[in-house]
Amino acid sequence: MNYLGLVIIKDVKLALQGVSDTGMTFVFLLLACTLFQFSIGPDQALLMKVGGGVIWVVALLATILSLERLFITDFEDGTLEQYFLSPVSLVFFAIAKAISHWLTTGLLVIISAPLIAVLYNLPSEIFLPLVLSMFIGTPILSLIGTLGAALTLGASRSGVLMPLIILPLYVPVLIFGSLVIYNAMYGHSYNSLLMVLIGLLLITSALAPWATAYALRQAIE
Amino acid sequence: MINYFANPSRFLKMTEKLLPWLVRLTILFFIVGIYFGLFYSPADYQQGDTVRIMYVHVPAAWMALACYVFIATMGALSLVYKHPLAGLAAKSAAPIGASFTIIVIITGSLWGKPIWGAWWVWDARLSSVLVLFFLYLGHIALSYSFENPSRGNKASAILALVGLVNIPIIKFSVDWWNTLHQPASITRFDAPAIDPSMLIPLIIMALAFFLYFITVLLVRIKSELTSQKIKSLNIKMIK
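Remember, it's a predicted structure, so these values are computed and weren't measured experimentally.

## Concerning the overall build of chain B
Within chain B, the secondary structure is distributed over seven helices and zero strands. The helix and strand sequence of chain B, counted from the amino end, reads α-α-α-α-α-α-α. Taking the principal axes of the C-alpha coordinates as reference, chain B spans close to 70 × 35 × 30 Å. Pairs at least 24 apart in sequence give 74% of the contacts found in chain B among residues at least 6 apart. In the structure as shown, chain B presents an accessible area of about 12800 Å², 70% of it carried by carbon and sulfur atoms. Across chain B, the 19 positively charged side chains and the 9 negatively charged ones have centroids separated by 19 Å.

As C-alpha cells, this is what we get:
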C-alpha cells in the first residue's frame, strides 16, 4: 500500500512540474473541441447533436496523449528494472501507474467535460450523467492505456503504434459512454448503461494490471 | 500433438508432404464451389443474382472471425507453453486474417449497394467488422515493430488475447442490436433458414476458404522458418 502511494505521488509530482503534462492536456482538450466547431460550422442545433460524441472522442484522444511517456522515462533511466527487482509484484506497479495516469489525465477530463458541454450548448440535464459516465469510463481508459503503453515499450515507432493498438480497444467505452449522454439528452433512462460501464470497469481492473505487468516483464528481459 | 510439432524440422518434413495435396484440394474445392455457386444454385426471389456474393462474403466472414480466434489461441500457447511454432503461426496467420476481413468488407459493400442502396452503412455489424480489421492491423504492426522478434510475438499475443473480447460482440451484434444487416441464418439452434440448394455451395465454398487458409498458413510458416535459418547462417558466416 505504502509502495503504491509512493509511486503515485512521484508520478503525479513529475506530471505537474514545469510546463506540466496536465496543463498541456487541458489545452489540447479545448483546442480539439474548437477544431470540431470550425469543421462542422457554427450551427447550434447540429453542434448540440454531435456534442455528446465529440466530448468522448476528445477524451479518448487526450488520454492517449500522455500515455507515451508513462513508462519510457522509467524504462530508459533503469528505474523500471529496480521496480522489477524489488520484492513487490509488478502488478502493484502497473496499478499505481494506472492510478497516477488517471489522476493526471482522467480527472482533468472529468473536470473539463462540463466546460466542453457548455461550449457545445448541451442541456444542463446531461451534466450529472456526463460526469458520472466519465467517472466510470476514464479509469477504464487509463487501465487499457497502461497496457498499451507497456506493450509498445521499446518499440521502434511507439508513438504511432500505440493509438493503433489502443483505440480499437476503447470502442466499447466510447459506445456506452456517449449513449449515456444521448439517452439523458432525449430523456431516456441511462442507469442500465452506467451498469454496463461499471461492468467494463470491473473486468478491465481485474485483468489489465496483470497483462500490463506481464508485458512490462517482457520489455525488461 | 502439440509437443510433436515443437520440433521445426519435423514440422517442415510434414509440411513438404502435405502441401501439394492441400494445394490440389483447395483448387478442386474452389472450382466446384464457384461452379455450384454461380451456375447451379438458384437466384434469390428478392435479391436476384446479387445473392451469389454470399458464396464469397459469408465464408470470408467466418474465416475472418475464426482466424482471429486461431491467432489468440496460438498466442496463448506461445505464452503459456513457450511453443516455438505457435508464435510463428500467429504471426503468419495475422495477414491472412486481415485479408479475409478486407474481402468481407469489400464484398459486403458491393452487396450493400444494390440491396441497401449504399456502399457503406454505419451499422453495428459493419462497424464491428471494421474494428476487427483494425485489431488485425494493430496485431501485425506490433509483431513487426521490435528488433527482437520474440518480444514482438509475445506483445502481439497479449494483444490478441485482449482483443478476443471483440469476437462475441461481432458475432452477436446482429442478434443484440436491431440492424440493417440480417441476423444469422445458419449458425442458430433450430434448422438453418436457408435452402439446401444454397447451403451446399456455401458449405463447399467455406471448406475451400478453410483449405486455402491452411495452405497459405503452412507456406507462410515455412518461409518464416527458412528466413530464420538464413539469418542464423548469415550470422555464422560473419563469425
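Now that the structure has been shown, the text picks up again.
## Details of the overall build of chain A
What chain A contains, in helices and strands, is nine helices and zero strands. Across chain A, helices and strands are ordered from the amino to the carboxyl terminus as α-α-α-α-α-α-α-α-α. Taken against the 2.2 N^0.38 rule, which gives 17 Å for 221 residues, the C-alpha radius of gyration of chain A at 18 Å falls within 12% of a compact globule. With the principal axes as the frame, chain A shows a C-alpha extent of 55 × 35 × 30 Å. Within the span of chain A, comprising 221 residues, buried residues form 52% of the whole. In chain A, the share of contacts with a sequence separation of at least 24, taken over all contacts with a separation of at least 6, comes to 80%.

## As for the nonpolar core
Of all hydrophobic cores here, the largest spans 131 residues; its most connected members are Phe93(A) and Met134(A). If we skip the residues at most four places from it in the chain, Met134(A) touches Ile55(A), Trp56(A), Ala59(A), Val109(A), Ile110(A), Ala113(A) and Pro139(A).

## Section: the interface of chain B and chain A
Often, the extent of an interface is quoted as the loss of accessible area upon association of its parts. Counting residues at the interface gives 19 residues for chain B, matched by 20 residues for chain A. Interface of chain B and chain A: buried area, both sides summed, is about 1600 Å²; carbon and sulfur atoms make up 75% of it. Taken as a group, Ser145(B), Arg151(B) and Ile158(B) account for 32% of the area that chain B buries against chain A, more than any other trio of residues on that side. On inspection of chain B and its partner chain A, the count reaches one residue pair in polar contact (both at pLDDT 80 or more). Looking at the side of chain B that touches chain A, the elements with two or more residues in it are helix H4 (124-144) and helix H5 (149-163) of chain B.

## Let's talk about empty space enclosed by the protein
Residues and elements named next belong to chain B. A full pass over the atoms with the stated rule returns one cavity of 30 Å³ or more. There is about 30 Å³ of room inside the largest cavity. Around the largest cavity, the lining residues are Gly75, Ser78, Gly87, Ala90, His139, Asn153, Ser156 and Ala157. At the level of elements, helix H2 (54-81), helix H3 (84-116) and H5 are the ones that each hand at least two residues to the lining of the largest cavity.

## Overview of the pattern of salt bridges
Under the counting rule described, the total for this entry stands at three salt bridges over all chains. Note that Asp74(A) is salt-bridged to Lys10(A), the shortest N-O span being 3.2 Å. Note that Asp74(A) is positioned in helix H4 (residues 69-76) and Lys10(A) in helix H1 (residues 2-16), a separation of 64 residues in sequence. We classify Asp74(A) as buried; its relative accessible area is 5%. The class for Lys10(A) is partly exposed, based on a relative accessible area of 27%. Between Glu16(B) and Lys222(B) there is a salt bridge, with its nearest N and O atoms 3.2 Å apart. Here Glu16(B) is found in helix H1 (residues 8-40), whereas its partner Lys222(B) is found in helix H7 (residues 196-238), with 206 residues between them in sequence. For Glu16(B), a relative accessible area of 47% gives the class partly exposed. One network of salt bridges, with partners in common, ties together Lys10(A), Asp74(A) and Lys97(A).

## Topic: the confidence of the model for chain B
The pLDDT averaged across chain B works out to 84; a share of 90% of its residues lies at or above 70. Within chain B, helix H6 (residues 166-176) of chain B has the poorest average pLDDT of any element, 70, and H2(B) the best, 90.

## Examining a nonpolar patch on the surface
All names here are of chain B. On the surface, a cluster of nonpolar side chains totalling about 580 Å² of accessible area is made up of Ile34, Tyr35, Leu38, Phe39 and Tyr40. Relative to the assigned elements, Ile34 resides in helix H1. Residue class for Ile34 comes out partly exposed when judged on its relative accessible area of 38%.

## A short note on helix H9 (residues 191-220) of chain A
The end-to-end C-alpha distance of H9(A), which contains 30 residues, comes to 43 Å, matching closely the 44 Å that a straight helix rising 1.5 Å per residue would cover. The sharpest bend along H9(A) comes to roughly 30°, located at Thr204(A).

## What about the packing of aromatic side chains?
Residue and element names in this part refer to chain B. A complete count under the given rule lists 13 aromatic pairs over all chains for this structure. When the ring of Phe100 is compared with that of Phe209, the centres are 5.8 Å apart and the planes differ by 35°; the resulting orientation is tilted. With Phe100 in helix H3 and Phe209 in helix H7, this pair connects stretches of sequence that are 109 residues apart. Of the two residues examined, Phe100 and Phe209, each falls in the buried class. Each residue in the set Phe30, Phe70, Phe100, Phe209, Tyr212 and Phe213 is aromatic and connected to the rest through ring pairs, giving one cluster. In this structure, Arg24 is placed above the aromatic ring of Trp21, and the distance from its NZ or CZ to the ring centre is 4.9 Å.

## Examining the packing of H2(B) against H4(B)
Residue and element names in this part refer to chain B. H4 packs onto H2 with a crossing angle of 35° between their chain directions and a minimal axis gap of 11 Å. As for how H2 packs across H4, the hand of that crossing is left-handed. Between H2 and H4, the residues in contact are Ala64, Leu65, Cys67, Tyr68 and Ile71 and Leu132, Leu135, Tyr136 and His139, respectively.

Conventions used here
Residues numbered from 1 in each chain as written. Chains lettered and ligands numbered in written order. Predicted model: local features only at pLDDT ≥ 70, side-chain atom pairs only at ≥ 80, totals over all residues. Heavy atoms only, no water. Helix = DSSP H or I, 4+ residues; strand = E, 2+ residues; numbered from the N terminus. Contact = heavy atoms within 4.5 Å. Areas by Shrake-Rupley, 256 points an atom, 1.4 Å probe, with all protein chains shown as cover. Lys, Arg positive; Asp, Glu negative; His and termini not counted. Charge placed at Lys NZ, Arg CZ, Asp CG, Glu CD. Rg over C-alpha atoms; globule rule 2.2 N^0.38 Å. Buried < 20%, exposed > 50% of the residue type's maximum accessible area, 1.4 Å probe, protein only. Core = buried A, V, L, I, M, F, W, Y, C linked by side-chain atoms within 4.5 Å. Buried area = accessible area lost by both parts, 1.4 Å probe. Polar contact = N/O pair within 3.5 Å; in protein donor to acceptor, adjacent residues only side chain to side chain. 1 Å grid on protein atoms, 1.4 Å probe; cavity = no way out; pocket = protein on both sides within 12 Å on 5 of 7 lines; lining within 4 Å. Points joined across faces, edges and corners; volume = space filled by probe spheres on them. Salt bridge = Lys/Arg side-chain N within 4 Å of Asp/Glu carboxyl O. pLDDT = per-residue confidence, 0-100. Patch = residues over 30% accessible without salt bridge, like charges linked within 9 Å, V, L, I, M, F, W, Y side chains within 5 Å. Expected span 1.5 Å × (residues − 1). Bend = angle between axes of the 7 residues up to and from the residue. Phe/Tyr/Trp six-rings, centres within 6.5 Å; stacked < 30°, edge-to-face > 60°. Lys NZ or Arg CZ within 6 Å of the ring centre and 35° of its normal. Axes fitted to C-alpha atoms, helices over the stretch in contact; angles between N-to-C directions. Left-handed = near helix turned anticlockwise from the far one by under 90°.

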